[in-house]
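# Observations on chain architecture
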Amino acid sequence: LVTQAQTLGQFAFDYVVDAQTKEDGIRHFKTVQAAVNRAVIDAQTVTGKSRLWIAVQPGRYQELVYIPKTSVAISVVGQGSDANQTRISANVHAALLGSVYAQRFAAQFSGLDAGILAMFEQVKSKAVVGTFGTPVLWVKSDGFQLKNIRVENTYNKESAQAGEECPNTRCGATASATAPAVV
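Here, residues in each chain are numbered from 1, in the same order as that chain's written sequence. The predicted nature of this model means local features are confined to residues of pLDDT at least 70 and side-chain atom pairs, given and counted, to a pLDDT of 80 or more, with totals for whole chains, interfaces and linings taken over all residues. Working from all heavy atoms in the structure, the side-chain values ignore hydrogens and water.

### Observations concerning the pattern of salt bridges
- The rule for a salt bridge is simple: a side-chain nitrogen of Lys or Arg has to be within 4 Å of a carboxyl oxygen of Asp or Glu. Under the definition given, this model contains six salt bridges.
- Across the salt bridge formed by R38 and D42, the nearest N and O atoms sit 3.0 Å from each other. Of the two residues, R38 and D42 both sit in helix α2 (residues 32–43), four residues apart, roughly one turn of that helix.
- Under the relative-accessibility criterion, R38 is labelled partly exposed at 23%.
- Notably, a salt bridge pairs E152 with R150, separated by 3.3 Å at the nearest N-O pair.
- Taking relative accessible area as the criterion, E152 reaches 7% and is therefore assigned buried. Labels follow the DSSP assignment, with helices taken as runs of H or I lasting at least four residues and strands as runs of E lasting at least two, numbered in each case from the N terminus. Each residue's exposure class comes from its accessible area (1.4 Å probe, protein chains only) as a fraction of the maximum for that residue type: buried when under 20%, exposed when over 50%, partly exposed otherwise.

Encoded structure:
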């Protein structure tokens, strides 16, 4: 399990996420998903390691984080003094059209590992993402650990533009020709 020394930065992490740092694509990243992508790629060739470690510096990371099945476990550890200092958040609701979801999040999934991209494609291909498509953190990898990070779906915490996100439907209805109009 993740130890206190690892949450206090007294550990040599494989990857470091810091929105304020210069990204090198190998060890230093501005987003959590970019670091996870590198870990997923490295997990395919790494030898002698049973786990890859990602340190996330305090801050708010507005993104989705998808972790596919991996051969090496991944741990993501916030480096703040408590979980509220390091947040991963996104605004996703169940009535969001797949096309709007794709527009909103496509850039962050561009060029990623095929396993991660398949997870994104699975959600964006739906007419309406539904409850299944709303997680901010989606994990398929055995042995995954997350410590000292707050993960939050900020829907209803921010103002959602329901009319734009659910055109010609009542939010909560499916996207079909027979769905009632927005009232």
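### Observations concerning the sheet that holds strand β6 (residues 73–78)
- At least two bridges found by DSSP between two strands is the condition for calling them paired. Pairing in this open sheet of five strands is parallel, and the strands run β2-β1-β3-β6-β9 from one edge to the other. Where the open sheet ends on each side, the last strands, each with one partner, are β2 (28–29) and β9 (145–147).
- Bridging between strand β1 (residues 15–17) and β2 involves two bridges; their strand directions are parallel. Paired with V16 across the strands is H28, a residue of β2.
- Residue contacts are counted whenever heavy atoms from the two residues lie within 4.5 Å of one another. Axis definition: a line fitted to C-alpha atoms, limited for helices to the stretch in contact. Angles are taken between N-to-C directions and run from 0 to 180 degrees. In this fold α2 packs onto β1, β2, β3 (51–56) and β6, with an angle of close to 165° to the strand it touches most, β3.

### Brief notes about helix α4 (residues 114–124)
- Considered for burial, the residues of α4 that qualify are I116, M119, F120 and V123. End-on, the buried residues of α4 take up no more than an arc of 95°, which puts them together on one face.
- Lining the buried residues of α4 we find α2, β5 (65–67), α3 (98–109) and β8 (137–139).
- Polar contacts, as used here, are pairs of N or O atoms within 3.5 Å; protein pairs need one atom able to donate a hydrogen and one able to accept it. Residues neighboring in sequence count only if both atoms are side-chain atoms. Where α4 begins, the side chain of D113 points an oxygen toward the backbone nitrogen of G115, at a separation of 2.8 Å. Note: the arc covers the axis-to-C-beta directions of the helix.

### Remarks on α3
- Considered for burial, the residues of α3 that qualify are G98, V100, Y101, A102, F105 and F109.
- Backbone geometry just downstream of α3 places G111 in the positive-phi region, at approximately 75°.

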